[in-house]
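Read off the chains here:
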Amino acid sequence: MASEQQLSAIKGAKVLMVGAGGIGCELLKTLALSGFKDIHIIDMDTIEVSNLNRQFLFRQSHVGESKAKVARDAVLKFRPHISITPYHANVKDPDFNVDFFKQFNVILNGLDNLDARRHVNRLCLAAGVPLIESGTTGFLGQVTVHVKGRTECYECQTKPAPKTYPVCTITSTPSKFVHCIVWAKDLLFAKLFGDKNQQNDLNVRSSNISSSSQQTEDVFEHQIDEDIEQYGRRLYDHVFGYNIELALSNEETWRHRNRPRPIYVKDIIPTELIHENGNLDKDSIIGDSSVSAMAILGLKNPQDLWSLKENSKLFFEALKLFFLKREKEIGNLIFDKDDQLAVEFVTAAANIRASSFGIPLHSLFEAKGIAGNIVHAVATTNAIISGLIVIEAIKVLQNNVKDYRMTYCLEHPSKKMLLMPVEPFEPNKSCYVCSETPLTLEINTHHSKLSDLVEKIVKAKLGMNLPLIMHGSVLLYEVGDDLEENEVANYAANLEKVLSQLPSPITGGTILTVEDLQQELKCSINIKHRFVSLKLSITMGHGLAWLNPTLFLVFLVELKLTRVKLVFDLIMEQFDEEKEPDGMILSGWTQALAVEKNYNGASTSQATSLNTEEDEELQFIPTQIGKKRKLSDIFIAASSDNSCIPNETKIKRKADEVDCNR
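Residues numbered from 1 in each chain as written. Predicted model: local features only at pLDDT ≥ 70, side-chain atom pairs only at ≥ 80, totals over all residues. Heavy atoms only, no water.

Asker: Teacher, can you tell me more about the overall build of the chain here?
Answerer: For the chain, the count of helices and strands is 20 helices and 20 strands. Within the chain, buried positions represent 49% of all 662 residues. Once local pairs closer than 6 in sequence are excluded, the contacts in the chain between residues at least 24 apart make up 69%. Only carbon and sulfur atoms are counted for the fraction: they give 50% of the accessible area of the chain, which is about 31,500 Å². (Helix = DSSP H or I, 4+ residues; strand = E, 2+ residues; numbered from the N terminus. Buried < 20%, exposed > 50% of the residue type's maximum accessible area, 1.4 Å probe, protein only. Contact = heavy atoms within 4.5 Å. Areas by Shrake-Rupley, 256 points an atom, 1.4 Å probe, with all protein chains shown as cover.)

This is the structure we're talking about:
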């Protein structure tokens, strides 16, 4: 039973929930049954069929409606006397600013993406409101408490962005099935059915080079008078046959790699079988995303591993259905894991490409998981985590700092426990968000534009929505509705300029101030130029000399040397394309090691590290050993100069690369 003090804190609290999905549904129910009287919910999503197996407040009849509003209505049926205020909106909307957050006693996050989590974290810091974070994946879960100045903030530990792959690997040298999925989904599917104006790295040259006009023809275009089966064969032969042969012509590429095998229709499916595939009654299927090529071909089990021939037949059937049943959508389609026909097409295309490159084939079930970044959720885990959120919220409302716990839900018992409580970590003094520590950006200032800095660093990595960039007293970039037309034009012009050619040039040693007024976040970025140095060597007889390029030219002119062998060696600090696909490195904070202790104070033997990038999707990683002071020691020895406690087992948390939907 709750004490009188706890009941008083609960009844007088004004709580904001962000997210009404898997965790959110359970959390709203638990808050209502625990006695909370004033609850606000923000969620921009609408209900989908795939939500119904675990988001129990929703029913089939609610599909397409606002999650926040339906959740409110469902809970009010059994708790009609409490106040629940829903917002069908994006938490990043300007209306949800620092002043909005200040009205709440605690914020409870049940989000499904890193960007929104970071945004809420910053608003909580600016408003001085405690934040309780959470996430689950399968049987794993976590709840963490973040209080400004007392515990680390959500961003004290870096959260890497989802894994990206170099275009050359995807288009030319795939070595993993995920490479084939990315190719099929982001290149082939997008090229055939998506926005035609979007840039695409697929080869569009015709394989028939008999005429100059055909060389420039886009082979992916379906001609008006062209039979759909003929178009399918032409497309298949181009992407799986001709393009592979074209790649094989570069011998150097395959010197240390396994050579792929070109695949042509005639070698896999006789022409008459393709025609048999086409026995489709145009009026037999409703023209929507429920259309299935699998059903027509009799492929019933999505967990079966299909042969190259079966995948090829599925490719033709799915392509045909898109043009016969969903032709009006072509040009506007975006891959959706809930679109059965899209998943079938991507699975078939990825498997055919995988077969060409000697990569093991995968079932549709597996391919859908990779393409949609799906980690399957467990409703029970969501319920456990929701209960833990409410427990920590009550502690926060009572200001019981010493009792705060970050709790991890384990799949297998550790020390006979499935729930692992850990004392919160102190703020990371190197965190650029809550400690204002300068960052360092390594970038080629002679080649990169301001737009690269804004999009790839300030927005993508720092998570700023309305950034302002200053060099000294010069404002280089700003966004906002209150700007004059000439200001908008000037900032737009700056975006297209190379960093070193801006009105106030950005070069090595430059210190930029970057600010987001909505998040009330400001940080400094030290620029380090990735330079190019030119080294010249001359060989004359048996002698070898290294000279400054300018002095060397003078030397040649004065001595009029004619028998001089010149060797030019370009030395550049190169970026690793696999690890640094953007050609930039952002650093400046050290990932602080963190103490892991169980509730009784004994160190734990197994490490757990959870990715909080996605609601319902997290990952545990091994323990790191190091030294770091506990939060409790900060309060006990506030005046002490001792900075760490030795011999403690640590947890190091790392963001997962899986980016899944709720």
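Back to the write-up after that little detour.
Asker: Whenever I open this one, helix α5 (residues 114–127) confuses me. Can you help?
Answerer: At 3.6 residues per turn, the α-helix brings residues three or four places apart onto the same side. Over its 14 residues, α5 runs 20 Å from end to end, which matches the ideal 20 Å to within 8%, given 1.5 Å per residue. When you tally the buried positions in α5, you get 12 out of 14 residues, the bulk of the element. Those residues of α5 not exposed but buried are L114, A116, R117, R118, H119, V120, N121, R122, L123, C124, L125 and A127. In the stretch just after α5, G128 is the one whose phi turns positive, near 70°. (Expected span 1.5 Å × (residues − 1).)

Asker: Can you help me understand the packing of aromatic side chains in this one?
Answerer: The way to describe two aromatic rings as a pair is by their centre distance and the angle between their planes. A full pass over the atoms with the stated rule returns 22 aromatic pairs. Residues Y87 and F100 carry aromatic rings whose centres are separated by 5.7 Å and whose planes lie at 85° to one another, so their mutual orientation is edge-to-face. Of the two residues, Y87 is situated in strand β3 (residues 83–87) and F100 in helix α4 (residues 98–102); the sequence distance between them amounts to 13 residues. Across the pair, exposure class does not vary: Y87 and F100 are buried alike. Pairwise contacts between aromatic rings join W183, F189, F193, Y231, Y236, F240, F315, F316, F322, F323, F335 and F345 into one cluster. Of note, K14 hangs over the ring of F104, and the distance from its end group to the ring centre comes to 5.5 Å. Against the face of W183 rests R353, its NZ or CZ located 4.5 Å from the ring centre. (Phe/Tyr/Trp six-rings, centres within 6.5 Å; stacked < 30°, edge-to-face > 60°. Lys NZ or Arg CZ within 6 Å of the ring centre and 35° of its normal.)

Asker: What should I look at first to understand the pairing of strand β9 (residues 439–443) in this one?
Answerer: Looking down a regular strand, the side chains alternate between one sheet face and the other. With four of its five residues buried, β9 lies for the most part within the structure. In terms of strand pairing, β9 meets strand β13 (residues 521–529) through five bridges, oriented parallel. By the bridge assignment, E442 is partnered in β13 with K528. Both β9 and strand β17 (residues 585–587) contribute to a ladder of three bridges, which runs antiparallel. Residue E442 lies in a different strand from β17, and its bridge partner there is I585. (Pairing = 2+ DSSP bridges.)

Asker: What is the right way to read the packing of helix α2 (residues 22–34) against helix α16 (residues 379–397) from this model?
Answerer: Working note: a packed helix pair is described by the angle between its axes plus the distance between those axes. Packing of α2 against α16 brings their axes to within 8 Å, and their N-to-C directions diverge by 45°. When the axis of α2 is compared with that of α16, the two are oblique. Note that α2 runs across α16; the crossing there is right-handed. Counted together, G22, I23, E26, L27, T30, L31 and S34 of α2 and A379, N382, A383, I385, S386, G387, I389 and V390 of α16 form the full contact between these two elements. (Axes fitted to C-alpha atoms, helices over the stretch in contact; angles between N-to-C directions. Parallel < 35°, antiparallel > 145°, perpendicular 65-115°, else oblique. Left-handed = near helix turned anticlockwise from the far one by under 90°.)

Asker: I keep staring at the nonpolar core and nothing clicks. Help me out?
Answerer: Generally speaking, a soluble globular protein has its nonpolar side chains buried in company with each other. Counting 60 residues, the largest nonpolar core has W183, L188, F193, F315 and F345 as the members making the most contacts within it. Put simply, the parts of the chain that give this core at least two residues each are α7 (177–193), α9 (228–248), α10 (265–268), α12 (293–297), α13 (308–325), α14 (340–356) and α15 (364–371). Discounting chain neighbours no more than four positions away, the residues touching F315 are L188, G232, L235, Y236, F240, F345, A348, A349 and I352. Listed in part, the 40 residues of the second largest apolar core include M17, V75, I132 and Y404. (Core = buried A, V, L, I, M, F, W, Y, C linked by side-chain atoms within 4.5 Å.)

Asker: What is the right way to read unusual backbone geometry from this model?
Answerer: Trans peptide bonds make up the majority, and among non-glycine residues the majority have a negative phi. Not every positive phi belongs to a glycine, and K415 is a case in point at roughly 55°. Position of K415 among the secondary structure elements: in the loop between β7 (406–414) and β8 (417–422). Its identity is not glycine, yet K416 carries a phi of approximately 65°, on the positive side. Checked against the element boundaries, K416 lands in the loop between β7 and β8. In this structure K416 comes out as exposed when scored by relative accessible area, which is 84%.

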